[in-house]
Each structure stands twice: as C-alpha cells, then as structure tokens.
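Here is how the chains run, residue by residue.
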Amino acid sequence: MREITYRQALNEALGEELERDPDVFLLGEEVAEYNGAYKVSQGLLERFGPKRIIDTPISENGFAGMAVGAAMVGLRPIVEFMTFSFSLVAFDQVVNNAPNMLTMSGGQFNIPITFRGPNGPAHQLGATHSHATECLYANVPGLKICTPATPRDAKGLLKTAIRDNNPVLVLESELLYSSKGLVEPEDHELLIPLGEAELKRPGTDVSIICYAQTVPLALTAAERLQEEGIEADVLDLRSIKPLDLSAIFQSVTKTHRVVIAEQDRPYCGIGAEICFRIQREIFDELDAPIMRIAQEDVPMPYNERLEKAVLPSADKIVAAAQKVCYS
C-alpha cells in the first residue's frame, strides 16, 4: 500500500483505463493543455495525445451531446465537468438522452459514458457553483451514481465506472482533492463494484450513514462520541444509485439508532429515501427516530460564516447522535 492524494488516485485511474482501452477518451474544458481545472488530468495529453485528451469550448450541452453520440458508435467517453453545477447546462444530455437511449432504441445502443467532476459545496463559491446534484440525478432511471470519499474509493470506483456499459456519474468531492489515503500499488488492478457500501468505522450504539464530503465529518464526530462512551458505526455509501440496502440494514440492525449525514439539501434528498427504506423494511429495529443532517434548505451563501452555518458539520452530527442515543 502507498499513500497518495485523492487527485492522484483519479489521475491514475484515468491513465490506466486510457492505456487499457483505445476506445476510452477524455474531453472537457481545460482537460488537455491546462491539465485540468483541478489537475486531475495532469500529464495525460503528453501520454495520449490531442485525439484522446480533448479540450472543448465552454459549451457543456454541446460536448456532453457529442460524447453521447460517440458512445452510441462504440467509444467510451469520459466527460469532465469543471463542476457539476455546470452539468445543469447539459441537463438535457445527461438526463434526457444518455440514460434513455438504450431503452428507446430497443436495446440497440449502449451508452458507456462516464460523467465526472467536482460535486457539492467547496469554499465560498456562492450559490451557482455549490450545487450538490446527487438527488437530482438519482431521480433519473438509467443513471448510476457513485460518490467516492477516499483516494482508494476514487480510483476503484472511477475505473469501474469507465468499464460500465451504462451512463455513470462519478461525483467527486472538491474539498477532498488534496486529502491523502492508502491505495494499492499501481501494478494491482483496483476495481470497486458500484452499489457496495463500506464500513469505515465499526460501532454498536448508533449508525452514521454518510457519503462523499460527510464521511470525514462523520469519522471526526465518531471520535468525539467515543470520548462520551458512544460507539458509532460509520457507513460510507460510496454509491447513491445503486444503494447498498443490505449494508444499511445490517448496520441499523446492530445499533438500532440512525443518523444520516448528507451533503445535499434535505427536501426530497438521499436521506429521505434511506429513511423510507429503513422504516419499510426494518422499522421494528429502531429504538429512536431517525435524524438527518444536511445542508439548510437555502441557496448557498458566499459569506464564510453563513456558509459554515448552512453546511453539515461534525458538531451537528455529534448533536444528532447524542439525541438519538438519549445522551
């Protein structure tokens, strides 16, 4: 095992898949000459050339549509959105075209396309650059969605996404690009299945179900709760769609108390779906009402103190866990 950054892990995944399959190519704004807005595509232009690492105009709807067409004729495009807030400009391609083509063509056209880039709030980017888009896209049949929180998960999930014959969204965490973690050696094939959650920390008293940017917050909260004698089970979903219901139910059956930490807004959010599934399938296992920690239901403020007040935090997760544990 070796320690690398989240950014490096994504870069390795891209390089390995471009090397493995000549049908794979990357396109997006500034991915080539500039090495990517967040340097995820660093060095790939030199390795693979301008026919496979393609700088595009500032036209998300245009280059996402071109990628859908390329996928229809057998190529495997990777589309980088500079931020998933900008994917809203390509909403017709991501929501209306890519996920529907297989069914509407009677199975004639697979769409092996990967949409990737930073998703969710970062730091003082304002409302129009801070969208967490997972609940928007999770509502769409035909799309798969993964949300890696560690370098290892980022590499393994991205490689799996690129090989999938369906449209997959890899929602990366901008705040985690510089975070470090252990990843297998480069000569080891790392593939992480979509729809397989991972227990990041075992516990017996409360299940903290989280993903993406809320995973490090949940782990910090768990350390603080341990000082009070509360052992938290921290379950990282890793994939939003498909959802690992088996892992969720196993954790809740063990702890009987649940806090869901999500980076999106609460209304019609990922946490609401998880709450429904738990109460429908294992309601009798609950010893307390489920608590949800999410963004406040407001446009993201630019002001730093207001932004901090709106976002999920370790403090909020700790308070919610204390409440469900009647501590």
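This report concerns the structure included in the present document. Since the model is a prediction, treat every value here as computed from it, not as a measurement.

**Quick word on the packing of aromatic side chains**
- Scanning the entire structure with this criterion turns up 7 aromatic pairs.
- When the ring of Tyr-6 is compared with that of Tyr-177, the centres are 5.8 Å apart and the planes differ by 70 degrees; the resulting orientation is edge-to-face. Of this pair, Tyr-6 sits in helix α1 (residues 6–20) while Tyr-177 sits in the loop between β7 (168–173) and β8 (180–183); the two residues are 171 residues apart in sequence, bridging distant segments of the chain.
- On the accessibility criterion, Tyr-177 (1% relative accessible area) is buried.
- Taking the centre distance of 5.4 Å and the plane angle of 70 degrees together, the rings of Phe-81 and Phe-84 count as edge-to-face. Each member of the pair Phe-81 and Phe-84 is classed as buried.

**A word on helix α10 (residues 270–282)**
- Taking 1.5 Å as the rise per residue, α10 with 13 residues should run 18 Å; its terminal C-alpha atoms sit 18 Å apart, in good agreement.
- Turning to α10, its buried residues are Ile-270, Gly-271, Ile-274, Cys-275, Ile-278 and Ile-282. The buried residues of α10 occupy an angular sector of 135 degrees when the element is viewed end-on, so they sit on one face.
- Looking at the packing, one finds that the buried side of α10 touches α6 (134–138), β10 (206–210), β12 (239–241), α9 (245–255), β13 (258–261) and β14 (291–293).

**Looking at the sheet that holds strand β2 (residues 24–28)**
- In spatial order, the strands read β3-β2-β4-β5-β7-β6-β12; together these 7 strands make up an open sheet with mixed pairing. Edge positions in the open sheet fall to β3 (53–55) and β12, since each of these has one partner strand only. Direction aside, the axes of adjacent strands within the sheet are offset by 20 degrees on average.
- Where strand β5 (residues 114–119) and β7 come together, 6 bridges link them in parallel fashion. In the sheet register, Pro-118 faces β7, and the bridge partner there is Glu-172.
- Contacting β2, β3, β4 (76–80), β5 and β7, α1 crosses the sheet at an angle of about 150 degrees to β7.

**Some details on the environment of Leu-225**
- In this structure, Leu-225 sits in helix α8 (residues 214–226).
- On the accessibility criterion, Leu-225 (0% relative accessible area) is buried.
- The sequence separation of Leu-225 and Ala-319 amounts to 94 residues, and the corresponding C-alpha distance is 9.4 Å.
- Each residue touching Leu-225, except ones within four places of it in the same chain, is listed here: Ile-208, Ile-230, Ala-232, Val-318, Ala-321 and Gln-322.

**Quick look at the sheet that holds β13**
- Reading across from one edge, β9-β11-β10-β13-β14 is the order of the 5 strands in this open sheet, with mixed pairing throughout. Across the chains shown, the open sheet's two edge strands, defined by having one partner strand only, are β9 (198–201) and β14. Here the average twist between neighbouring strands, direction ignored, is 25 degrees.
- Of the pairings in the sheet, the one linking β9 to strand β11 (residues 232–236) comprises 3 bridges and is antiparallel in character. Paired with Arg-201 across the two strands is Val-234, which belongs to β11.

**Thoughts on helix α12 (residues 314–324)**
- For α12, the set of buried residues is Ala-314, Ile-317, Val-318, Ala-320, Ala-321 and Val-324. Projected down its long axis, α12 shows its buried positions confined to an angular sector of 165 degrees, all on one face.

**As for the pattern of salt bridges**
- Counted according to the given criterion, the structure contains 27 salt bridges.
- One salt bridge connects Asp-153 with Lys-200, and the closest N-O pair in it is separated by 2.9 Å. Highlighted residues: Asp-153 in helix α7 (residues 151–163) and Lys-200 in strand β9, separated in sequence by 47 residues.
- Residue classification places Asp-153 among the buried positions, given a relative accessible area of 1%.
- Connected via shared salt-bridge partners are Arg-2, Glu-12, Glu-16, Glu-17, Arg-20, Lys-155, Lys-159, Arg-163 and Glu-189.

**Focus on a negative patch on the surface**
- A contiguous patch of negative charge on the surface is contributed by Glu-30, Glu-33, Glu-46 and Asp-55.
- With respect to the helices and strands, the residue Asp-55 is situated in strand β3.

Calculation criteria
- Residues numbered from 1 in each chain as written.
- Predicted model: local features only at pLDDT ≥ 70, side-chain atom pairs only at ≥ 80, totals over all residues.
- Heavy atoms only, no water.
- Phe/Tyr/Trp six-rings, centres within 6.5 Å; stacked < 30°, edge-to-face > 60°.
- Helix = DSSP H or I, 4+ residues; strand = E, 2+ residues; numbered from the N terminus.
- Buried < 20%, exposed > 50% of the residue type's maximum accessible area, 1.4 Å probe, protein only.
- Expected span 1.5 Å × (residues − 1).
- Arc of directions from axis to C-beta.
- Contact = heavy atoms within 4.5 Å.
- Pairing = 2+ DSSP bridges.
- Axes fitted to C-alpha atoms, helices over the stretch in contact; angles between N-to-C directions.
- Salt bridge = Lys/Arg side-chain N within 4 Å of Asp/Glu carboxyl O.
- Patch = residues over 30% accessible without salt bridge, like charges linked within 9 Å, V, L, I, M, F, W, Y side chains within 5 Å.
- Areas by Shrake-Rupley, 256 points an atom, 1.4 Å probe, with all protein chains shown as cover.
- Lys, Arg positive; Asp, Glu negative; His and termini not counted.
- Charge placed at Lys NZ, Arg CZ, Asp CG, Glu CD.

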